[in-house]
Amino acid sequence: MNCGALPTNFGEASTVTERWETDPELPGRRVIVTGANSGIGLQTALALAGSGAIVTLACRNPQRAESALRLIEDQTGNRSCRTAELDLSSLSSVRNFADRTTEPVDLLINNAGVMAPPLTRTRDGFELQFGVNHLAHFALTGLLIEQLRAGVSPRVVTLSSVAHKRGKIRFDDLNSERSYRRWRAYSQSKLANLYFTMELQRRLRSAAPDVISVAAHPGVSGTNLTKRGGHPGALDLLGGVFAAIGQPAAAACRPTLYAATAAGVQGGDYYGPNGPGELRGEPTLVAPAPAVLDESVAERLWQRSEELTGVRYG
């Protein structure tokens, strides 16, 4: 099952509740999707490639990326897409990927993520969820900002989660060095994604007004994300629960696609499903937790992210 048609024009974002009827025309649009070899990332890449976009599948595992690319080619007939190695648990890999990206970028989708593993460190010593979900995408976006500025109607779409509402930015222990609770760390990383989205938009408004920063969340979906992290039994059970109460990846990708392609999307918007609890449904404009509007926290997190990654936006 593919994501189906993409949005064309829904008018005002606040009225997004109806189904998509026709595909937008995206031939030649240059798109990067992180974590595009499975789950929501793969379904996002499939839909965009099906509309003619040149999609780069930025993935940690080259073999899985190639398998995903063959699937995309078979299902869409689009043979202009490509794969590129990107390990978000390594800032060196992030920099190498950015250095190899020399063409303009029209759309960057910060999709990849990890959820609730046992305490694990990235190659740079960061707690895995904070490092991959937030810091790596912060660094990647900053390193590609000039390529985005050269793009056509460029957008940065960063994926968050309903779990962000339980999150708190723990400046006294961002890296989980004092204590570690896997779900607390996950919620913090997803909250950081939204602080990043909003602060990036504020900074783009004056420095690069043609680029907009938006966020989306998929609701609840039973994807491979629930099967990673060293405790497969518990997480496989959790994945079954997610699949029962949520929606498949082919539907869960729709808020991302709306944020990425719909007319009327504005910088700082946040899209998710319109069903009860935002667990499933069609894409609509949703409200982040009130804490996300605290600009002082967003700016402080931005400064710490620059210090930790060594990436400064200028």
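Residues numbered from 1 in each chain as written. Predicted model: local features only at pLDDT ≥ 70, side-chain atom pairs only at ≥ 80, totals over all residues. Heavy atoms only, no water.

Asks: Kindly report on the overall build of the chain, identifying the contributing residues and their values.
Replies: In terms of helices and strands, the chain carries 10 helices and eight strands. Counting the 314 residues in the chain, one finds 58% classified as buried. Put simply, 74% of the contacts in the chain that link residues at least 6 apart link residues at least 24 apart. (Helix = DSSP H or I, 4+ residues; strand = E, 2+ residues; numbered from the N terminus. Buried < 20%, exposed > 50% of the residue type's maximum accessible area, 1.4 Å probe, protein only. Contact = heavy atoms within 4.5 Å.)

Asks: Explain the pairing of strand S2 (residues 54-59) residue by residue, including any values.
Replies: Here S2 lies mainly inside the structure; six of its six residues are buried. Across the two faces of S2 the burial is the same, with Ile54, Thr56 and Ala58 and Val55, Leu57 and Cys59 all buried. The pairing of strand S1 (residues 30-34) with S2 spans five bridges and is classified as parallel. The residue bridging Val33 from the neighbouring strand is Leu57, located in S2. (Pairing = 2+ DSSP bridges.)

Asks: Before we move on, can you summarise the environment of Leu285 with the specific residues and values?
Replies: Within the element layout of this structure, Leu285 appears in strand S8 (residues 283-285). A residue is classified by how much of its surface remains accessible, and Leu285, at 34% relative accessible area, is partly exposed. In the structure, Leu285 is positioned 69 residues away from Ala216 in sequence and 9.0 Å away in space, judged by C-alpha atoms.

Asks: Give a description of helix H1 (residues 39-50) that names residues and reports values.
Replies: Across its 12 residues, H1 extends 17 Å between first and last C-alpha, which sits within 8% of the 16 Å expected from 1.5 Å per residue. Within H1, 10 of the 12 residues are buried, leaving the element largely enclosed by the surrounding structure. Residues of H1 that are buried: Ile40, Gly41, Leu42, Gln43, Thr44, Ala45, Leu46, Ala47, Leu48 and Ala49. Once H1 finishes, Gly52 follows within two positions and takes phi at roughly 100°, a positive value. (Expected span 1.5 Å × (residues − 1).)

Asks: How would you explain unusual backbone geometry if you had to name every residue and give the values?
Replies: Excluding glycine, residues mostly have negative phi values, and the peptide bonds linking residues are mostly trans. Phi is positive for Ala116, which is not a glycine, with a value near 55°. Among the structural elements, Ala116 can be located in the loop between strand S4 (107-110) and helix H4 (128-143). The exposure class of Ala116 is buried, given its relative accessible area of 0%. Of note, the phi angle at Ser176 is positive, near 55°, even though the residue is not glycine.

Asks: Any chance you could break down the environment of His164 for me, citing the residues and the numbers?
Replies: As for its position among the elements, His164 is in the loop between strand S5 (155-159) and helix H6 (182-207). When the C-alpha atoms of His164 and Tyr186 are compared, they prove to be 8.2 Å apart, with 22 residues separating the residues in sequence. In terms of polar contacts, His164 uses its side chain to reach the backbone amide nitrogen of Ala289, at 2.9 Å. (Polar contact = N/O pair within 3.5 Å; in protein donor to acceptor, adjacent residues only side chain to side chain.)

Asks: Provide a residue-level description of the pattern of salt bridges, including the pertinent values.
Replies: Overall, the coordinates contain 15 salt bridges when judged by the stated rule. Across the pair Arg30 and Asp106 runs a salt bridge whose closest N-O atoms are separated by 3.2 Å. You can see Arg30 sitting in strand S1 and its partner Asp106 sitting in the loop between helix H3 (91-100) and S4, a full 76 residues away along the chain. Overall, the relative accessible area of 24% leaves Arg30 in the partly exposed class. In this structure, Arg149 engages Glu146 in a salt bridge whose closest nitrogen and oxygen atoms are separated by 3.6 Å. Pair noted here: Arg149 and Glu146 are both in helix H5 (residues 145-149), with a separation of three residues, about one helical turn. Because the salt bridges share partners, they merge into one network encompassing Glu199, Arg202, Arg203 and Glu295. (Salt bridge = Lys/Arg side-chain N within 4 Å of Asp/Glu carboxyl O.)

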